Amino acid sequence: MNNPSARMRIFSGIQPSGVLTLANYLCALKRFVELQDSGQECVYCIVDLHAITVWQDPGALKDAIRHAAAAFLAAGIDPGKSILFNQSQVSAHAELAWVFNCVARMGWMGRMTQFKEKAGRDRENASVGLFTYPSLMAADILVYHATHVPVGDDQKQHLELTRDIAIKFNHDYRRDFFPVIEPLIEGVTTRIMSLRDGTKKMSKSDPSDYSRINLSDSADQVAKKIRRARSDAFALPGQASELASRPEARNLLGIYALLGNTAMDQVLDRFGGKMFSQLKGELTELAVAVLGPISAEMNRLVGDPAELDRILGDGAERAASLADPILQQTYDIVGMLPSRRRN
Ligand code: AMP
Ligand code: TRP
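This report concerns the structure included in the present document. (Residues numbered from 1 in each chain as written. Chains lettered and ligands numbered in written order. Predicted model: local features only at pLDDT ≥ 70, side-chain atom pairs only at ≥ 80, totals over all residues. Heavy atoms only, no water.)

### Regarding the pattern of salt bridges
Where side chains of opposite charge bring their charged atoms close, a pairing between them can arise.
Alright, step 1. Summed over all chains, the structure comprises 19 salt bridges.
Alright, step 2. For lysine 200, the salt bridge goes to aspartate 206, with nearest N and O atoms at 3.3 Å.
Alright, step 3. Residue aspartate 206 is classed as buried on the basis of its relative accessible area of 11%.
Alright, step 4. For the salt bridge of arginine 318 with aspartate 314, the shortest nitrogen-to-oxygen distance reads 3.6 Å. You can see arginine 318 and its partner aspartate 314 sitting in helix α13 (residues 305–334), 4 residues apart, about one turn around the helix.
Alright, step 5. Under the relative-accessibility criterion, aspartate 314 is labelled partly exposed at 36%.
Alright, step 6. Through salt bridges with shared partners, a single network forms among Asp209, Arg212, Asp217 and Lys225. (Salt bridge = Lys/Arg side-chain N within 4 Å of Asp/Glu carboxyl O. Buried < 20%, exposed > 50% of the residue type's maximum accessible area, 1.4 Å probe, protein only. Helix = DSSP H or I, 4+ residues; strand = E, 2+ residues; numbered from the N terminus.)

### Re the site of ligand 1
Alright, step 1. Around ligand 1 sit 17 residues, and of these Gln15, Gly152, Asp154, Ile192 and Lys204 come closest.
Alright, step 2. One nitrogen or oxygen atom from the main chain of isoleucine 192 is found 2.7 Å from a nitrogen atom belonging to ligand 1.
Alright, step 3. At a separation of 2.4 Å, an oxygen atom of ligand 1 approaches a polar side-chain atom of lysine 204.
Alright, step 4. When isolated, ligand 1 has an accessible area of 470 Å², and the protein chains bury 93% of it.
Alright, step 5. Mapped by element, the contributors of at least two residues to the shell around ligand 1 are β1 (9–14) and α1 (22–37).
Alright, step 6. The element best represented in the shell around ligand 1 is α1, accounting for 4 residues. (Near = heavy atom within 4 Å. Polar contact = N/O pair within 3.5 Å; in protein donor to acceptor, adjacent residues only side chain to side chain. Areas by Shrake-Rupley, 256 points an atom, 1.4 Å probe, with all protein chains shown as cover.)

Encoded structure:
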């Protein structure tokens, strides 16, 4: 069933819970474009229903969805080649998520580290949506019978749960219906860390704007944030084995490697023994060269919201035409009567 050479369909999603960051670009968007350009069938989704698992100001959310669409396009997603849309326009995601809520077990959800981190100490006060979030994520992927999912390292546990849901569904209903997906977590670095703390991931929702580079930042902002990025008191390491105990050095060197498409060994050769200030100077130049054209194109695109809405609407129609039949088959398998309204 899950023979990648027979058929490969890529699905991935990004939450519009703030302005997209350098981490989203390096570990997600850039890879999405590479997969698209290698000729794979790709479905990319702005997961707005996921975003409201924590409070979002309604007006700001609308802007953030369009902003995320602009970031996908500016990074190189071509709506002629890939399907690009926002999740809430394709109701099959939420419907399949309900079925998966009835397949997944409470214990599975309770183990998710993203829930524990986001809910914090006040777990009683977290939304039920935040707890069941992985069911919706599994539905996003499996409603397309996608086979491969490119993500950053932080999503690994959710993809394992997606596999568990597919396996349990197939087992309970005694058929090979949902593919057991393969995560695509690849690259020199698969987790980009905060510029203020090399042990915490870079996140759109971190309260400190200095912890991240936003794709919309100006060259001056990028320069200032890199200059202020946390460093340690030693010269930069020249050996990969030294990176584990130097989180800030590892993060900046990893970002440099990904931005320049350079192997880590080459980056270590270049900066080993040098001062952080030299790396920061060269990193700023490289980051501005790569991100400058992307943020300029994003600004141009957000100036025409009607065109963005048209692209998302068109993508949603194409997405629904793939998802709806799979949802109907699922309903049939679990024992629902056929829908006369839909067929
Ligand atoms: P999110 O911003 O949480 O919706 O994440 C969208 C995509 O970006 C997912 O594939 C994440 O794994 C990836 N991503 C987000 N933050 C990071 C990070 N700090 N390091 C690596 N990948 C990340
Ligand atoms: N949970 C992912 C994140 O926070 C976003 C996401 C939702 C996703 N659905 C997905 C990623 C499906 C890959 C596939 O980053």
